[in-house]
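What follows is each chain in one-letter form.
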Amino acid sequence: MTLDRTAPARPAGPALDAPAAPRRVTPAQWASQSLTMAWRSLVQIKHNPSELLDLSIQPIMFVLLFTFVFGGAIYGSADAYLQFALGGLIAQNALFLTIYTATGLATDLQKGTFDRFRSLPIARSAPLSGRIMGDVVRQLWSLVVLLVVGVVLGFRITTSPVAVLAAFGLLVAFTLAFSWTSVLLGVLARDPEKVQIYGFTVLFPLTFASNAFAPTETMPGWLQAWVAINPVTRMADALRGLLVGGPVAANAVATLLWGVAFAAVFGPLAVWALRTRV
Amino acid sequence: MVSTRTDGHGRDSEISMTTVGPPCHRGGVPPAIEAEGLVKRFGATTALAGASLSAVEGTVLGVLGPNGAGKTTATRVLATLLAPDEGRALVGGYDVVAEPHRVRSLIGLTGQYAGVDEALTGTENLVLIARLLGQSRAASRRRAAELLDQFGLTEAAGRAARTYSGGMRRRLDLAASLVGRPRILFLDEPTTGLDPASRNELWDMVRSLVGDGVTVLLTTQYLDEADQLADDIVVIDRGTVVATGTPDDLKARAGAAVLQMRPAQPEQLAVVERVASELAGATPTVENGSVAVPAPDESLMPAVVRRLDDVGVRLAELTLRRATLDEVFLALTGHRAVEPTDDQTDLRETA
Ligand SMILES: Nc1ncnc2c1ncn2[C@@H]1O[C@H](COP(=O)(O)OP(=O)(O)OP(=O)(O)O)[C@@H](O)[C@H]1O
Ligand SMILES: [Mg+2]
């Protein structure tokens, strides 16, 4: 097939009367576009109230279930168990919530919404950064719900407000880094249902084979070896330290190193997947 | 303009559209869309095998082809969503690979699958796009209201798009692609799944946009649609352009009409086929006990009737109708268009 044309390659330039468009977006535009995307991600909650249930009722159920059903058996008393377990519950809940990033992305890819975004003159990363910003808000909401419910049930924060803020910070930092796994999952699965299946297949063992809900010493030796290094364990311990006292530094550093490792491995993979699979 | 097929599909392997001048230089204005030798492979599948096309500013270019022809792939390349493996494309004068951001500031895209966010209301969907394009909150609301009104969605404006019918969703999708007042609009099978009334409305909408000077590239599986809207048509099949021309050129090429005959006695099908072939000078297709043959002029029908009467064949059915896309394909490519896939059929049924 040849196009019957003798005209050689014409230098690229505006053929239409519109003024020449800029080549790329400015950082201010990027921020504004990301915030718009975050707004969109949060408005979705308004129209899908069941998501609020996920964000609130589910953590509450977990706290009630573990404290009153397993607490006595694991720790002798529900009260003492809550003091031990809330840090773990917060860590577990945070990891489960990262699934939102993956399901949201998969839905956008499946429905063609992502194509629409990519056809707009906006920053390529804005759909992603906006979604992640929205998911950070979800994380914080869920964290506040867990803390309030915990306190109502008798959880005592014995450290300072600064330590509590540090706990928020650590949680957000780790989940942001961990979100790259969700981005990769969302892009590869392209289907929110599959995301749920694959996601929880990984997240259940990761969160439950940790000391989030039961002390490491009660487990068989082969499991203890993994539990001791599991990022969920390290983050749960760091959160315990920041909320009720105990060693913080080593656990916080280990958590952040895990975060760096997740970002270093899954960040490039996710970017690659976004470039080639979308 | 010459298109050559090398896959050995019989007599029509070379198609010359000698009556057509190259559409790209009409009036000396550079084309709004211009693609040359686009190749895109997905693993073992070659979705585009060197497709070239061009659209004159302020006109509609219809890209006509069956399922899997490469329409969506071509649209995605031109809309900067997909980098071609070979070839190059200019949209609004900008290279889609080298300057995608500039291309994006000129185009609007309505993809084959509605790109609206189903969790958001109609208004929110449009405000989202307007805000992303840098408009103020107030201006975004105004633009959203204006478009919702234009597309007859004002009443549904506050409802989540999830609750919209297929046709409403498509209209919202089209509205979303117009928020930034694009100069060049890509519509990938915009009427698939629409009822005839909505389809006509959309056609009117496209005509009025073109009246405002917008260039539209529209893909379709329906000759009828291309006929209604397009100034120029590119027929693609298996990733290659098999014909280019105005709707009239293509219809002339395919045989404007088709004569369809069903013998009262099925055993006489072969006789009907032979007679049709002889008198029309073309190969008839036989399907479901009925013979169809291109009828280039009105003399064929009486001739066939007389001859069949002479040989004692009685017809249960005799119709002279417009050529279908399938038959245009047969005429242009020597093979039949691929049957629609199941989910495509579903889409149409849910219309
Ligand atoms: N992302 C992809 N991965 C693998 N194969 C693909 C991909 N996209 C398209 N293809 C293949 O490329 C060919 C052309 O597809 P395309 O979607 O462009 O066709 P189309 O003309 O739009 O068809 P339809 O009318 O069904 O929408 C098909 O064989 C299709 O299976
Ligand atoms: Mg398609």
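Going by the structure above, here's the rest.
In this report, we go over the structure that sits alongside the text. All of these numbers come straight from a predicted model, not from anything done at the bench.

## Notes on the pattern of salt bridges
Residues and elements named next belong to chain B.
Consideration 1: One pass over the full model with this rule turns up 24 salt bridges over all chains.
Consideration 2: Measuring nitrogen to oxygen at the nearest pair gives 3.0 Å for the salt bridge that ties Arg-41 to Glu-86. Of this pair, Arg-41 sits in strand β3 (residues 33-42) while Glu-86 sits in strand β6 (residues 86-91), placing them 45 residues apart in sequence.
Consideration 3: Look at Arg-41 and you get partly exposed, because its relative accessible area is 40%.
Consideration 4: On the basis of relative accessible area, Glu-86 is assigned to the partly exposed category, the value being 41%.
Consideration 5: The closest approach of N and O atoms between Asp-173 and Arg-170, which form a salt bridge, is 3.9 Å. Of this pair, Asp-173 and Arg-170 both sit in helix α5 (residues 166-178), three residues apart, roughly one helical turn.
Consideration 6: Owing to a relative accessible area of 7%, Arg-170 belongs among the buried residues under this scheme.

## Points about the side chain of A:Thr113
Consideration 1: As for its placement among the helices and strands, A:Thr113 is situated in helix α5 (residues 113-118).
Consideration 2: The class of A:Thr113 is buried, set by a relative accessible area of 3%.
Consideration 3: Residues within four places of A:Thr113 in sequence aside, it is in contact with A:Arg40, A:Asp108, B:Gly115, B:Val116 and B:Asp117.

## Some details on the sheet that holds β6(B)
Within a sheet, adjacent strands bond to each other through the backbone by hydrogen bonds, running parallel or antiparallel.
Residue and element names in this part refer to chain B.
Consideration 1: The strand order across the open sheet built from four strands is β4-β3-β6-β7, with neighbouring strands paired in antiparallel fashion. Each edge of the open sheet is held by one strand with a lone partner, namely β4 (45-55) and β7 (94-95).
Consideration 2: With eight bridges joining them, β3 and β4 adopt antiparallel strand pairing. Residue pairing for β4: Ala-35 is matched across the bridge by Leu-53.

## Comments concerning the coordination of the magnesium ion (ligand 2)
Consideration 1: Each protein donor to the magnesium ion (ligand 2) is listed here as B:Thr72 (OG1) and B:Gln112 (OE1); together their distances run 1.8 to 2.1 Å. Within this pair, whereas B:Thr72 is found in helix α1 (residues 71-78), its partner B:Gln112 is found in the loop between β8 (107-110) and α3 (122-132), the two being separated by 40 residues in sequence.

## Overview of the site of ligand 1
Residues and elements named next belong to chain B.
Consideration 1: Around ligand 1, the structure places 15 residues, and the nearest of them are Gly-68, Lys-71, Thr-72, Thr-73 and Gln-112.
Consideration 2: Contact distances for ligand 1 include 2.5 Å between an oxygen atom and a side-chain N or O atom of Thr-73.
Consideration 3: Glu-189 places a polar side-chain atom, nitrogen or oxygen, 2.9 Å from an oxygen atom of ligand 1.
Consideration 4: Protein coverage of the free-state accessible area of ligand 1, which is 630 Å², stands at 63%.
Consideration 5: Of all elements in the fold, only β4 and α1 reach the threshold of two or more residues within the shell around ligand 1.
Consideration 6: The dominant element in the shell around ligand 1, judged by the number of residues it contributes, is α1, at three residues.
Consideration 7: Here the residues of the shell around ligand 1 sort into four nonpolar, nine polar and two charged.

Cut-offs used in this document
Residues numbered from 1 in each chain as written. Chains lettered and ligands numbered in written order. Predicted model: local features only at pLDDT ≥ 70, side-chain atom pairs only at ≥ 80, totals over all residues. Heavy atoms only, no water. Salt bridge = Lys/Arg side-chain N within 4 Å of Asp/Glu carboxyl O. Helix = DSSP H or I, 4+ residues; strand = E, 2+ residues; numbered from the N terminus. Buried < 20%, exposed > 50% of the residue type's maximum accessible area, 1.4 Å probe, protein only. Contact = heavy atoms within 4.5 Å. Pairing = 2+ DSSP bridges. Donors = N, O, S within 2.8 Å, 3.2 Å for Na, K, Ca; no water. Near = heavy atom within 4 Å. Polar contact = N/O pair within 3.5 Å; in protein donor to acceptor, adjacent residues only side chain to side chain. Areas by Shrake-Rupley, 256 points an atom, 1.4 Å probe, with all protein chains shown as cover. Nonpolar A, V, L, I, M, F, W, Y, C, P; charged D, E, K, R; others polar.

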